[in-house]
Amino acid sequence: SATATAVVAAPRPVVFPRLLAHDPAKFYPRSGVLPAVVEVRDQSGPWDAVGQTRTLVLSDGGTVKETLGDVTAPLFAYDLSRFTGFFGRLVEGGRSEWRVVDRPEGSGIEWTYTFTAKPGWGFAVAAIMRLAWAPYMRRVLPAIAASTA
């Protein structure tokens with residue numbers, strides 16, 4: 001897994017719903033081997049209730065399904081499944097967790113991402129997490145955090 005953190009000069013009750021509602025197509029550009037999120041499809045209502053789903057379309061032609069699993073402040077989490085494209089060959093599933101915590105200067109955002117590799121691909125997925133995904137999370141989180149203030 002990989003974790004990135006940011007601090008926002010706004011209170012948790014403001015940050016949490018804005019973070020939950022952020023549009024992935026606006027904040028996840030292509031970077032090296034990681035494709036961009038270019039579109040959100042089939043979202044089953046506002047992204048704010050357990051069980052809701054959506055499909056992310058990636059710049060390499062792949063897709064991934066997200067299912068919202070928890071929306072109890074200060075945490076929201078979604079599970080990732082049905083990977084296609086490059087990641088579909090390597091990854092069985094994943095989980096993204098976002099936690100918003102009170103800080104003296106406003107709110108802290110903690111974002112943790114975990115992938116479950118398909119059999120035989122654990123080493124490759126661990127390398128992608130360490131060398132590409134973790135740095136990518138640290139690079140994109142500041143803009144996501146700024147959009148919540």
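How each quantity is defined
- Residues numbered from 1 in each chain as written.
- Predicted model: local features only at pLDDT ≥ 70, side-chain atom pairs only at ≥ 80, totals over all residues.
- Heavy atoms only, no water.
- Buried < 20%, exposed > 50% of the residue type's maximum accessible area, 1.4 Å probe, protein only.
- Helix = DSSP H or I, 4+ residues; strand = E, 2+ residues; numbered from the N terminus.
- Pairing = 2+ DSSP bridges.
- Axes fitted to C-alpha atoms, helices over the stretch in contact; angles between N-to-C directions.
- Contact = heavy atoms within 4.5 Å.
- Expected span 1.5 Å × (residues − 1).
- Bend = angle between axes of the 7 residues up to and from the residue.
- Core = buried A, V, L, I, M, F, W, Y, C linked by side-chain atoms within 4.5 Å.
- Polar contact = N/O pair within 3.5 Å; in protein donor to acceptor, adjacent residues only side chain to side chain.
- Salt bridge = Lys/Arg side-chain N within 4 Å of Asp/Glu carboxyl O.

A. How the structure looks around the pairing of strand β3 (residues 53–58). For β3, the buried fraction is high: five of the six residues fall into the buried class. Bridge count between strand β2 (residues 37–41) and β3: four bridges; the pairing is antiparallel. When the sheet's bridge partners are listed, Glu 39 is paired in β3 with Val 57. Relative to strand β4 (residues 63–70), β3 is paired through five bridges, and the arrangement is antiparallel.

B. Spatial organisation of the sheet that holds β3. Across the sheet, seven strands lie side by side as β1-β7-β6-β5-β4-β3-β2; this open sheet has antiparallel pairing. A strand with exactly one partner marks an edge of an open sheet, and here the two such strands are β1 (2–8) and β2. In this sheet, neighbouring strand axes are inclined to one another by 25° on average, regardless of whether the strands run parallel or antiparallel. Here seven bridges tie β1 to strand β7 (residues 106–117), and the two strands are oriented antiparallel to one another. Bridge assignment links Thr 5 to a residue of β7, and that residue is Glu 110. Packed onto the sheet, helix α1 (residues 12–20) meets β1, β4, β5 (75–81), β6 (91–103) and β7 and runs at close to 160° relative to β6. The strands that helix α4 (residues 122–146) touches are β1, β6 and β7; relative to β7, the one it contacts most, it runs at about 155°.

C. Representation of α4 in the model. Compared with an ideal rise of 1.5 Å per residue, which puts 25 residues at 36 Å, α4 spans 34 Å between its outermost C-alpha atoms and is within 8% of the ideal. The largest bend along α4 measures about 40° and falls at Met 129.

D. Layout of the nonpolar core. Among the nonpolar cores identified, the biggest contains 43 residues, and Tyr 28, Trp 98, Trp 111 and Trp 133 are the most heavily contacted of them. In terms of residue count, α4 provides more of this core than any other element does, twelve residues in total. The residues contacting Trp 111, other than those within four sequence positions of it, are Ala 2, Thr 3, Ala 4, Tyr 28, Ser 96, Glu 97, Trp 98, Trp 133, Met 137, Val 140 and Leu 141.

E. Spatial organisation of the environment of Ser 31. Following the sequence through the fold, Ser 31 ends up in the loop between α2 (24–27) and β2. What Ser 31 contacts, discounting residues up to four positions off in sequence, is Tyr 136 and Arg 139. Among the polar contacts listed, one links the side chain of Ser 31 to the side chain of Arg 139, at a separation of 2.5 Å.

F. Structural view of the pattern of salt bridges. Applying the stated criterion across every chain yields a total of six salt bridges. Notably, a salt bridge pairs Glu 39 with Arg 41, separated by 3.2 Å at the nearest N-O pair. What makes Glu 39 partly exposed here is its relative accessible area of 34%. By relative accessible area, which is 39% here, Arg 41 ends up partly exposed. Arg 103 serves as the salt-bridge partner of Glu 105, at 3.4 Å between the closest nitrogen and oxygen. Judged by its relative accessible area of 37%, Arg 103 is partly exposed. Residues joined in a network through salt bridges with shared partners are Asp 79, Arg 95 and Glu 97.

G. Spatial organisation of the environment of Glu 66. Structurally, Glu 66 can be placed in strand β4. Exposure remark for Glu 66: the relative accessible area of 2% places this residue in the buried category. Residues Glu 66 and Arg 95 lie 29 residues apart in sequence; the distance between their C-alpha atoms is 8.9 Å. Setting aside anything within four residues of it in sequence, one finds Glu 66 in contact with Trp 47, Gln 52, Thr 53, Arg 54, Leu 56, Tyr 78, Asp 79 and Leu 80. Side chain to side chain, Glu 66 and Arg 54 meet in a polar contact 2.6 Å long.

All quantities given are derived from atomic positions and should not be read as evidence of function.
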